[in-house]
Amino acid sequence: MRVNVLEYYSEDSWKMMKNEAARHETPCLVVDLNRIREKYSELGEFFPFAKIYYAVKANPAIEVLELLRDLGANFDIASRYELDRVLSLGITPDRISYGNTIKKRADIRYFYEKGVRLFATDSEPDLRNIGKEAPGARVFCRVLTEGSETADWPLSRKFGCHPDMAIDLLMLAKELGLKPAGVSFHVGSQQREIGTWDSAIAKVRYIFDYLLAEGIKPDLINMGGGFPASYIGKTNAMEVYADEITRYLKEDFGDELPEIILEPGRSLVGESGVIASEVVLVSQKSTTGLDRWLYLDVGKFNGLIETWDESIKYPLYCEARGEACEDFIIAGPTCDSQDVMYEYFRNPLPAYIKAGDKVYWLSCGAYTSSYASVEFNGFPPLPVYFVDSAKK
Ligand SMILES: *Cc1c(COP(=O)(O)O)cnc(C)c1O
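Let me begin by describing the structure that accompanies this report. Owing to the predicted nature of the structure, the values given are computational and were not obtained by experimental measurement.

What counts, and where the lines are drawn
Residues numbered from 1 in each chain as written. Predicted model: local features only at pLDDT ≥ 70, side-chain atom pairs only at ≥ 80, totals over all residues. Heavy atoms only, no water. Helix = DSSP H or I, 4+ residues; strand = E, 2+ residues; numbered from the N terminus. Polar contact = N/O pair within 3.5 Å; in protein donor to acceptor, adjacent residues only side chain to side chain. Buried < 20%, exposed > 50% of the residue type's maximum accessible area, 1.4 Å probe, protein only. Pairing = 2+ DSSP bridges. Axes fitted to C-alpha atoms, helices over the stretch in contact; angles between N-to-C directions. Parallel < 35°, antiparallel > 145°, perpendicular 65-115°, else oblique. Left-handed = near helix turned anticlockwise from the far one by under 90°. Contact = heavy atoms within 4.5 Å. Nonpolar A, V, L, I, M, F, W, Y, C, P; charged D, E, K, R; others polar.

## Examining the environment of Asp-164
So, step 1. Looking at the element boundaries, Asp-164 is found in helix H7 (residues 163-175).
So, step 2. Once the C-alpha coordinates of Asp-164 and Arg-69 are considered, the two residues, 95 residues apart in sequence, prove to be 37 Å apart.
So, step 3. There is a polar contact of 2.5 Å between the side chain of Asp-164 and the side chain of Tyr-206.

Spelled out as structure tokens, the structure:
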């Protein structure tokens, strides 16, 4: 069965994005800002008690940041370059969290000088640097979580520490003159198993209890991202995530919740975009070969890096060319043999597809343009264009 575009976008939105794409050379990403607006207000509705810190790396386009600035969002920032961009848009440092636990001492100083007072950490050397360069700042400690088997793009292992170490670090934070604010976690991006939040929240409860007994009163839980966007493959609705997670929080923390932060990236912007690409070549490796190869002008190095290990399964859409369907091995345009997006996961596409046809990659608003390489094989980074289906 072919992908039905209208399961992913409203008719108006799809029309506007397709028309915009038609005005430009492929490949390009077209983003409907209205979808981000809708997703943002949905989050506010489902998590009325939470503060939203947008994970800028998902889509750092100025247009996206300005929209979220005007909607009142806060921002999760990973580098001084992201910080400069966000500050240049008039976003004040009290709306910014330095969420990267991997940073140079000079970077901490830079953030502090610019007025940022909320820092993530997960190790003693980093915490000591924060103590020296950001005196009096609030720090939260990131803990390791389970759930990498059920997240399509895991963020485990590299970030976070054992809960017992988190306790030690938050006690040390106090000694260093910092404010031990609380705990953060990230259950892995595109997390399909909602129960992973339950065990993460239970760890936070354990840490809070320990610290309270030591006379430290933490007041912040940063639950990170991990909420899904709609690709191929089932996920629960955002409302189900919200209901369950709220229940876990109330079970462990009662009705008087501490300050709750969410850092959505993918779930906020993923469904807002479509990549328009063009078929470069359809070929076969031998006359009796069973598989046909579909080479496109977009690939792993100009926007589709999350097809690595076929992790994210984007829905593909091609305008009808007869009813017959076939699946192809789908690859990108560069001279790198890693530049194959899907060999095992097969999207049904028109059997008579040919060079010059357009193939649309749906739900591509997150982690595409920001992940594109600069000029591998001379291919330029993925250009991004914007429409707003709320303004016709
Ligand atoms: C990438 C990242 C996020 C966003 O995660 P999504 O799964 O895209 O929502 C949130 N917080 C931190 C610290 C991150 O690194």
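## Structural notes on the pairing of strand E8 (residues 179-184)
So, step 1. Counting buried positions along E8 yields 5 of 6 residues, so the element is predominantly enclosed.
So, step 2. Sheet topology places strand E6 (residues 138-142) next to E8; 5 bridges connect them, and they run parallel. What sits directly across from Val-139, in E8, is Pro-180.
So, step 3. In terms of strand pairing, E8 meets strand E10 (residues 220-222) through 3 bridges, oriented parallel. Within E10, the position partnered with Val-183 by the bridge is Ile-221.

## As for the packing of H7 against helix H8 (residues 195-213)
So, step 1. Where H7 meets H8, the closest approach of the two axes is 10 Å, and the angle between their N-to-C directions is 40°. Classed by the angle they form, the pair H7 and H8 counts as oblique. Seen along the crossing, H7 lies across H8 with a hand that is right-handed. On H8, the residues that touch Pro-163, Asp-164, Ala-166, Ile-167, Leu-170 and Met-171 of H7 are Lys-203, Tyr-206, Ile-207, Tyr-210 and Leu-211.
So, step 2. Classifying every residue of the contact of H7 with H8 by side-chain character gives 9 nonpolar, no polar and 2 charged.

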